[in-house]
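Listed below are the residues making up each chain.
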Amino acid sequence: MSQSEIKAANDRDPTSTCDDEQVLNFDDSTLKTIAEVYNNEGNEAFSNNDYDNAVYFYTEGIKVNCKDKDLKAKLYRNRATAHLCLGNYSETLRDLKMPLINDHTYSKQ
């Protein structure tokens, strides 16, 4: 199996470019499972009308960067919907475009 890297969650600024951040290596199957957990947590937050936390969980799922294109597209769509509920219209449009930008063969099934 191929390996990918994700950064461990911490309290540092997510835009930080520090070289000392811890990096964890996981196989593709594990990355997909982690992303699915974040998606499920986001769905739970969304169903409780907790849109800020839904955006957070979907974002964390996207950051996992698993290779499953359908799951990544779902995370972007779900985050777009949460942004829409928050009135974040530019973020909604950005997220709706991301699956198309990342994969020109993407189409909703």
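Since the model is a prediction, treat every value here as computed from it, not as a measurement. (Residues numbered from 1 in each chain as written. Predicted model: local features only at pLDDT ≥ 70, side-chain atom pairs only at ≥ 80, totals over all residues. Heavy atoms only, no water.)

## What to know about the packing of aromatic side chains
Right, on to step 1. What the rule picks out here adds up to 2 aromatic pairs.
Right, on to step 2. Both rings, one in phenylalanine 46 and one in tyrosine 51, keep their centres 5.1 Å apart while their planes meet at 65 degrees; by these two values the pair is edge-to-face.
Right, on to step 3. Residue class for phenylalanine 46 comes out partly exposed when judged on its relative accessible area of 25%.
Right, on to step 4. For the pair tyrosine 56 and phenylalanine 57, a centre-to-centre distance of 5.3 Å together with 70 degrees between the ring planes defines the contact as edge-to-face.
Right, on to step 5. Residue classification places tyrosine 56 among the partly exposed residues on the basis of a relative accessible area of 42%. (Phe/Tyr/Trp six-rings, centres within 6.5 Å; stacked < 30°, edge-to-face > 60°. Buried < 20%, exposed > 50% of the residue type's maximum accessible area, 1.4 Å probe, protein only.)

## Focus on unusual backbone geometry
Right, on to step 1. Positive phi, close to 60 degrees, is recorded for asparagine 49, a residue that is not glycine.
Right, on to step 2. Within the fold, asparagine 49 resides in the loop between helix H1 (28-47) and helix H2 (51-64).
Right, on to step 3. Phi at asparagine 65 is positive, roughly 60 degrees, even though this residue is not glycine.
Right, on to step 4. Within the secondary structure layout, asparagine 65 lies in the loop between H2 and helix H3 (69-86).
Right, on to step 5. Exposure remark for asparagine 65: the relative accessible area of 42% places this residue in the partly exposed category. (Helix = DSSP H or I, 4+ residues; strand = E, 2+ residues; numbered from the N terminus.)

## Some remarks on the UniProt feature "repeat: TPR" (unreviewed entry) in the protein chain
Right, on to step 1. Sites flagged by UniProt as "repeat: TPR" (unreviewed entry) map to residues 35-68.
Right, on to step 2. Structurally, residues 35-68 comprises 79% helix and 0% strand, and the distance from its first C-alpha atom to its last is 9 Å. (UniProt positions renumbered as here; feature names shortened; annotations may be inferred.)

## Digging into the packing of H2 against H3
Right, on to step 1. Remark: H2 packs on H3, axes separated minimally by 9 Å, with the N-to-C direction vectors making an angle of 155 degrees. The orientation of H2 with respect to H3, classified from their angle, is roughly antiparallel. Here H2 and H3 pass one another in a crossing that is left-handed. Packed against H2, whose contacting residues are Tyr51, Asp52, Ala54, Val55, Tyr58, Thr59, Gly61 and Ile62, the element H3 presents Leu75, Tyr76, Asn78, Arg79, Ala82, His83, Cys85 and Leu86 at the interface.
Right, on to step 2. Residues that form the contact of H2 with H3 fall into these classes: 10 nonpolar, 4 polar and 2 charged. (Axes fitted to C-alpha atoms, helices over the stretch in contact; angles between N-to-C directions. Parallel < 35°, antiparallel > 145°, perpendicular 65-115°, else oblique. Left-handed = near helix turned anticlockwise from the far one by under 90°. Contact = heavy atoms within 4.5 Å. Nonpolar A, V, L, I, M, F, W, Y, C, P; charged D, E, K, R; others polar.)

## Here's the deal with the packing of H1 against H3
Right, on to step 1. The interhelical angle for the contact between H1 and H3, taken along N-to-C directions, is 25 degrees, at an axis separation of 11 Å. It follows that H1 is roughly parallel to H3 by the angle criterion. The chirality of how H1 crosses H3 is left-handed. Taking contact as the criterion, the partners of Lys32, Ala35, Glu36, Asn39, Asn43 and Phe46 in H1 are, on H3, Leu71, Lys74, Leu75, Asn78, Thr81, Ala82 and Cys85.
Right, on to step 2. Taken together, the residues that form the contact of H1 with H3 break down as 6 nonpolar, 4 polar and 3 charged.

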